[in-house]
Amino acid sequence: MSKKNINTIDLFAGCGGLLDGFMQAKGYNSLACVEWEKYPCETLAHRLAHKWKHKNAANEVIRFDIQRTEELFNGFEDKEYGNHTGLDAIIGRRKVDVIIGGPPCQAYSIAGRIRDAKGMKDDYRNYLFESYLRVVAHYKPKFFIFENVVGMLSATPDGTPIVTKIKEAFSNAGYAVIEDFKAALFDVADFGIPQHRQRVIILGVNKDFFNRNGNEDASTAILKEFYETLESKKCRIKTVKEAIGDLPPLKPSKEVIKLNGKKYSHTPIKSEGVLNHIPRFHSERDIRIFKLLASDIEQGHNEYVNATALKKLYTEVTGKESNIHKFYVLRWDEPSNTIPAHLYKDGLRHIHPDSSQARSITVREAARLQTFADDFEFLGPMMAQYKMIGNAVPSAFALIIAKVLKKIIKKYC
């Protein structure tokens with residue numbers, strides 16, 4: 001195994017944050033990726049082709065609904081997703097060594113359950129892990145990496161903890177996983193990622209492969225070594241300033257700029273040499289609020305650093321009330337708060353810490369906080385770019401996971 005590439009499939013791939021970390025680790029070979037949203041697929045195929053030199057990237061990135069698993073394996077003709085020969089045709093006789101990915105997390109998200117009147121109990125995404133598992137059972141890789149949000153640990157869509165269902169399903173499929181999922185919970189900030197983001201990382205170990213010859217303790221030993229090694233990779237905290245402090249400043253324009261049918265509130269509209277570093281349009285009211293809040297921190301007044309004051313300000317400027325505070329200014333000397341998919345709707349909780357810029361963060365700044373490389377180009381409308389970045393695994397954290405797993409593979413395979 002150590003002398004050849006480790007073949008992977010990426011499920012619920014998004015724009016490829018998890019995969020990019022694995023590719024950076026070297027020694028991994030992406031056979032195929034599955035994702036059902038258009039712009040993440042285009043972005044991922046572009047990245048595979050231009051950065052990782054995959055000549056057949058457009059075919060390797062399959063845009064399709066993973067719930068239609070048999071069609072995914074055998075091929076499909078579809079009005080929405082187009083035509084494709086299927087995963088089996090791509091894989092051929094090659095062995096899949098590792099499957100990576102994590103189903104959409106909205107149904108497990110604590111925030112999502114609060115917003116939904118039924119607590120997301122009827123959301124189909126609660127059971128997308130079953131589709132993930134069908135692909136695992138089909139190809140029987142030696143390992144899988146299953147990533148998800150902290151809310152998964154408390155989700156009970158039908159009264160039974162979802163972690164109980166997941167553990168039983170993985171076991172029935174022949175895979176050993178860690179007994180206590182809480183021990184698989186990590187804050188990526190502890191690993192040098194300039195952002196607080198809690199994620200559950202589940203390693204699955206193929207019991208039939210590793211427990212052969214009656215060695216029932218082999219998979220247990222592998223799990224123990226994986227999590228102990230991952231824990232040992234924790235390092236110093238990195239800050240917002242380290243991540244985005246060197247990017248070109250984007251300051252409010254004295255008047256609205258109109259260009260190619262679009263309106264811009266900040267200038268320069270485009271920063272030469274920096275991909276995706278274009279500010280979204282902000283109203284005069286929001287610019288005033290952003291400047292006020294960032295200045296409050298810069299000058300040490302700290303009048304608006306608690307939830308009560310921020311909720312009161314929101315009501316004063318909008319006439320609306322909110323149970324949660326809508327505004328948050330990033331701190332230069334701390335990691336960012338979590339970069340969420342919600343960022344595509346507004347950037348009120350990700351205000352740039354420089355009061356002279358008076359704006360929310362750009363796509364590139366969100367990408368920097370998610371540790372995407374500067375040559376990673378995001379395609380599609382700006383809102384789609386924010387969404388795909390918020391849904392991604394930080395690439396630098398994925399790189400750490402990939403290196404730890406590669407060490408395990410070299411030792412045990």
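None of the values given here were measured: they were computed from a predicted structure.

Now for the overall build of the protein chain. Looking only at helices and strands, the protein chain has 16 helices and twelve strands in total. Over its C-alpha trace the protein chain gives a radius of gyration of 22 Å, about what one expects of a compact globule, namely 22 Å for 413 residues. Considering the protein chain as a whole, with its 413 residues, one finds that 53% of them fall into the buried category. Contacts spanning at least 24 positions in sequence make up 66% of the contacts within the protein chain whose residues lie at least 6 apart. Accessible surface, the protein chain as shown: approximately 19100 Å² in total, 49% of it carbon and sulfur. For the protein chain, the distance from the average position of its 61 positive side-chain charges to the average position of its 50 negative side-chain charges is 3 Å.

Looking now at the pattern of salt bridges. Enumeration over the complete set of coordinates arrives at 18 salt bridges. In this structure, the salt-bridge partner of arginine 285 is aspartate 286, at a minimum N-O distance of 3.7 Å. Three or more residues are tied together by salt bridges with common partners; here these are Asp20, Arg47, Lys51 and Asp375.

Before going further, it helps to spend a moment on the nonpolar core. In terms of nonpolar packing, the biggest core is built from 86 residues, with Leu87, Phe143, Phe144, Ile202, Leu203, Phe226 and Leu405 touching the most fellow members. If one sorts the elements of this core by residue count, helix α16 (residues 395–412) sits on top with ten residues. Judged by nonpolar contacts, the second largest core, of 22 residues, contains Leu247, Val274, Val363 and Leu369.

This part is about unusual backbone geometry. Even without being a glycine, lysine 53 presents a positive backbone phi close to 60°. Mapped onto the fold, lysine 53 is located in the loop between α2 (38–50) and α3 (57–60). Located in the positive-phi region is asparagine 260, a residue other than glycine, with phi close to 50°. Mapped onto the elements of the fold, asparagine 260 is located in the loop between β11 (251–259) and β12 (262–267).

Two elements in contact, helix α1 (residues 17–24) and α16, have axes whose closest approach is 7 Å; the angle formed by their N-to-C orientations is 50°. It follows that α1 is oblique to α16 by the angle criterion. α16 is crossed by α1, and the crossing has right-handed handedness. Contacts between α1 and α16 involve Gly17, Leu18, Asp20, Gly21, Phe22 and Gln24 on the former and, on the latter, Ser395, Ala398, Leu399, Ile401, Ala402 and Leu405. Here the residues of the contact of α1 with α16 are counted per class, giving seven nonpolar, four polar and one charged.

The subject of this paragraph is the environment of asparagine 172. Looking at the secondary structure, you find asparagine 172 in helix α8 (residues 162–172). Given the relative accessible area of 69%, asparagine 172 is considered exposed. Considering only alpha carbons, one finds asparagine 172 and alanine 137, 35 residues apart in sequence, at a separation of 9.8 Å.

A few words now on the packing of aromatic side chains. For the coordinates displayed, the defined rule picks out 19 aromatic pairs. A centroid spacing of 5.2 Å and a plane angle of 55° characterise the contact between phenylalanine 191 and phenylalanine 397, whose relative ring orientation is tilted. Of the two residues, phenylalanine 191 sits in the loop between β9 (185–187) and β10 (198–206) while phenylalanine 397 sits in helix α16, which places them 206 residues apart along the sequence. No difference in accessibility class separates phenylalanine 191 from phenylalanine 397, as the two residues are buried. What links up through ring pairs into an aromatic cluster is the set Tyr132, Phe144, Phe146, Phe170 and Tyr175. In this structure, lysine 167 packs its charged tip against the face of phenylalanine 181, placed 5.4 Å from the ring centre.

Rules of the game
Residues numbered from 1 in each chain as written. Predicted model: local features only at pLDDT ≥ 70, side-chain atom pairs only at ≥ 80, totals over all residues. Heavy atoms only, no water. Helix = DSSP H or I, 4+ residues; strand = E, 2+ residues; numbered from the N terminus. Rg over C-alpha atoms; globule rule 2.2 N^0.38 Å. Buried < 20%, exposed > 50% of the residue type's maximum accessible area, 1.4 Å probe, protein only. Contact = heavy atoms within 4.5 Å. Areas by Shrake-Rupley, 256 points an atom, 1.4 Å probe, with all protein chains shown as cover. Lys, Arg positive; Asp, Glu negative; His and termini not counted. Charge placed at Lys NZ, Arg CZ, Asp CG, Glu CD. Salt bridge = Lys/Arg side-chain N within 4 Å of Asp/Glu carboxyl O. Core = buried A, V, L, I, M, F, W, Y, C linked by side-chain atoms within 4.5 Å. Axes fitted to C-alpha atoms, helices over the stretch in contact; angles between N-to-C directions. Parallel < 35°, antiparallel > 145°, perpendicular 65-115°, else oblique. Left-handed = near helix turned anticlockwise from the far one by under 90°. Nonpolar A, V, L, I, M, F, W, Y, C, P; charged D, E, K, R; others polar. Phe/Tyr/Trp six-rings, centres within 6.5 Å; stacked < 30°, edge-to-face > 60°. Lys NZ or Arg CZ within 6 Å of the ring centre and 35° of its normal.

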